[in-house]
Amino acid sequence: MRRMLTAWVLVIAWVVTAAAAGSNEPKTVFDHAQSAWAVGTVSLGTPLAFRDGRVLAFPAQIDDLLWAKKGSPRNLMLVYEVPAAEIDKPFYKAQDVLFAPIQLLPEHSFWRDNLPETPRHGVAGGRRNVFRGDEIPEAKRVLGAFLHAGEIQGKARWGVQLEAVAQALSSSVPRLIEDAVTYLSASPRLASDFPDSARDPISRFLEGPRPDAEKTQLVDALGRAKAAAMGEELRKLAAGAGPVAAAAMVALDQMGTGASLERLLELSKSPSDEVRAYAAGRLAADRTTENGAFERALSLLDPAQPAVVQAAVIQGLGWSGNQRAVEPLRTVLMKGEPMAKPAADALARIGGEDAGKALQQALTSGAPAAAAAAVDVLRRVEGCADCARVLVEQHTKHPDKTIRDLIGIVLELPRPHHQ
């Protein structure tokens, strides 16, 4: 069951544009505010110019302090390195009023050599986190709720913070919505501290007009977190079509309440490419031999199907480990582009002598794309006694120099020196 779950989670990567959460997630305005020196509305004075106007230092005052790490700071020196494109019209100007998270700048030599001897500050996260005009009250409302939640003692703070970010999904400022999606998607607390109070704002967002990429990103995170409180909403979305519906189906799979085999057979005929791809991947990953799942999955390898559906079938077949999939995958691989690479990867995952022979055939007699795809995986095929030997042999015998060079790279062989 675990292998099958991994299969359809991978399948959805072909369908949705959401990035998986993790350490590489970009920091949001919420993250910057939480670690800032101060957050508030700032008035800029007349700047001091240094390095021929390339560096501006604005004496500034916090007129309305929302939050501070320590004490009640009021005065600061906001430093801005002016890009070449802004020399005639810098992003900041005298008498600007802005709301932002403010950070202390590090005491490195550049600042010491070029600016007055005083603490120096910048906007945490850069200009994206600068709010002006009508944006200020909204940014203050959203970040205020989040920062005040962070002051709650004990475990309860995490749920209140998640609720505060969820409420930002209906903000009138698009940047705040985008950052709320990113924050929730990356939050390690979504699994353990998801509050019931976040259900309604998240449901309104998922049913609203925001781009599908944002919705699928959040749905994917809810599935990974197994946020059972959102199950009803996910089932509602899964009844639809398009990438959001497909993402909801995967999320329900991750929660253990996904579509039955009979339902998958129905979904495999959906007019929605994304839904059909989801069903195709699940059917291809199924090893029960029931209800013609394997045969239906193979039928979706038809070149008339869009690439996303074919790729889903190929990935599902690879993760199923089904030896019956070797021959259809060999056929796809020998055709070359556009499915050669996923077909070779799938054969390598299945492994064994038959899969190894299919890859060897692609290397020695397949189209250039098929041969290149085979080179990439032949060294890591398990259960193939001859694969490594054939790969080394073709390093000198293959008629295509590009393939010979590629084999050398894969085998980490030294390149010949030509006079």
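For clarity, every value in this text was computed on a predicted model and none was experimentally measured.

Moving on, we come to the environment of R276. Take R276: it is sitting in helix α12 (residues 273-285). Between the alpha carbons of R276 and R189 there is a distance of 32 Å; along the sequence they are 87 residues apart. A polar contact is formed between the side chain of R276 and the backbone oxygen of S270, at a distance of 2.7 Å.

Core analysis: the biggest nonpolar cluster contains 112 residues, and F30, I202, L333 and L363 have the highest contact counts within it. Looking at this core, the element that brings in the most residues is helix α10 (residues 243-254), giving nine residues. If sequence neighbours within four positions are ignored, F30 has contacts with V142, L143, F146, V165, A168, L176, D179, A180 and Y183. Counting residues in hydrophobic clusters, the runner-up holds 18 residues, among them A38, V42, L44 and Y80.

Moving on, we get to the state of the cysteines. Counted by the stated rule, this structure contains one disulfide. Two residues, C384 and C387, share a disulfide whose sulfurs are 2.1 Å apart. Disulfide C384-C387: the torsion about the S-S bond is 90°, which places it as right-handed.

When we look at a pair of aromatic rings, we describe it by the centre distance and by the angle of the planes. According to the stated counting rule, one finds seven aromatic pairs in the structure shown. Residues Y80 and Y92 carry aromatic rings whose centres are separated by 4.8 Å and whose planes lie at 85° to one another, so their mutual orientation is edge-to-face. Here Y80, found in strand β4 (residues 75-81), pairs with Y92, found in the loop between β4 and β5 (97-104); they are 12 residues apart in sequence, far enough to count as distant. Its relative accessible area of 12% is what places Y80 among the buried residues. According to the relative accessible area criterion, Y92 is buried, its value standing at 4%.

This next bit is on the pattern of salt bridges. For the structure shown, the criterion picks out 25 salt bridges. Where R141 meets E138, a salt bridge forms, and the shortest distance between an N and an O atom there is 2.7 Å. With R141 and E138 both in helix α4 (residues 135-149), this residue pair falls three residues apart, about one helical turn. For E138, a relative accessible area of 12% puts it in the buried group. Across the salt bridge formed by R380 and D345, the nearest N and O atoms sit 3.3 Å from each other.

A few words on the confidence of the model for the protein chain. On average, the protein chain scores 90 in pLDDT, and the residues at 70 or more come to 90%. Below pLDDT 50 for its whole length, residues 1-8 participates in 15 contacts with residues either more than four positions away or in separate chains. For the stretch residues 10-23, pLDDT sits under 50, and the model shows 32 contacts to residues farther than four places along the chain or on other chains.

Owing to its 3.6 residues per turn, the α-helix brings residues three or four apart onto one side. Compared with the 18 Å implied by 1.5 Å per residue over 13 residues, the 18 Å span of α12 between its first and last C-alpha is a close match. Among the 13 residues that make up α12, 11 are buried, leaving the element largely enclosed by the rest of the structure. Turning to α12, its buried residues are V275, R276, A277, Y278, A279, A280, G281, R282, L283, A284 and A285.

Our next topic: the environment of A228. Mapped onto the elements of the fold, A228 is located in the loop between α8 (212-225) and α9 (231-238). Among the residues examined, A228 registers a relative accessible area of 62% and is labelled exposed. Between the C-alpha atom of A228 and that of R120, which follows or precedes it by 108 residues, the distance is 47 Å.

What follows is about the packing of α4 against helix α5 (residues 156-167). Viewed as axis vectors pointing N to C, α4 and α5 meet at an angle of 175°, and their least axial separation amounts to 8 Å. Taken together, α4 and α5 sit at an angle that is classed as roughly antiparallel. Taken together, the residues of α5 that come into contact with α4 (itself represented by A145, F146 and A149) are R157, V160, Q161, A164 and V165. Residues that form the contact of α4 with α5 fall into these classes: six nonpolar, one polar and one charged.

Turning our attention to unusual backbone geometry. E337 connects to P338 through a cis peptide bond whose omega is 5°. Among the secondary structure elements, P338 is positioned in the loop between α15 (326-334) and α16 (340-350). Backbone geometry places D52, a non-glycine residue, at a positive phi of 55°. Mapped onto the secondary structure, D52 falls in the loop between β2 (48-50) and β3 (55-68). Look at K226: it is not a glycine, yet its phi comes out positive at around 50°.

Calculation notes
- Residues numbered from 1 in each chain as written.
- Predicted model: local features only at pLDDT ≥ 70, side-chain atom pairs only at ≥ 80, totals over all residues.
- Heavy atoms only, no water.
- Helix = DSSP H or I, 4+ residues; strand = E, 2+ residues; numbered from the N terminus.
- Polar contact = N/O pair within 3.5 Å; in protein donor to acceptor, adjacent residues only side chain to side chain.
- Core = buried A, V, L, I, M, F, W, Y, C linked by side-chain atoms within 4.5 Å.
- Buried < 20%, exposed > 50% of the residue type's maximum accessible area, 1.4 Å probe, protein only.
- Contact = heavy atoms within 4.5 Å.
- Disulfide = S-S within 2.5 Å.
- Phe/Tyr/Trp six-rings, centres within 6.5 Å; stacked < 30°, edge-to-face > 60°.
- Salt bridge = Lys/Arg side-chain N within 4 Å of Asp/Glu carboxyl O.
- pLDDT = per-residue confidence, 0-100.
- Expected span 1.5 Å × (residues − 1).
- Axes fitted to C-alpha atoms, helices over the stretch in contact; angles between N-to-C directions.
- Parallel < 35°, antiparallel > 145°, perpendicular 65-115°, else oblique.
- Nonpolar A, V, L, I, M, F, W, Y, C, P; charged D, E, K, R; others polar.

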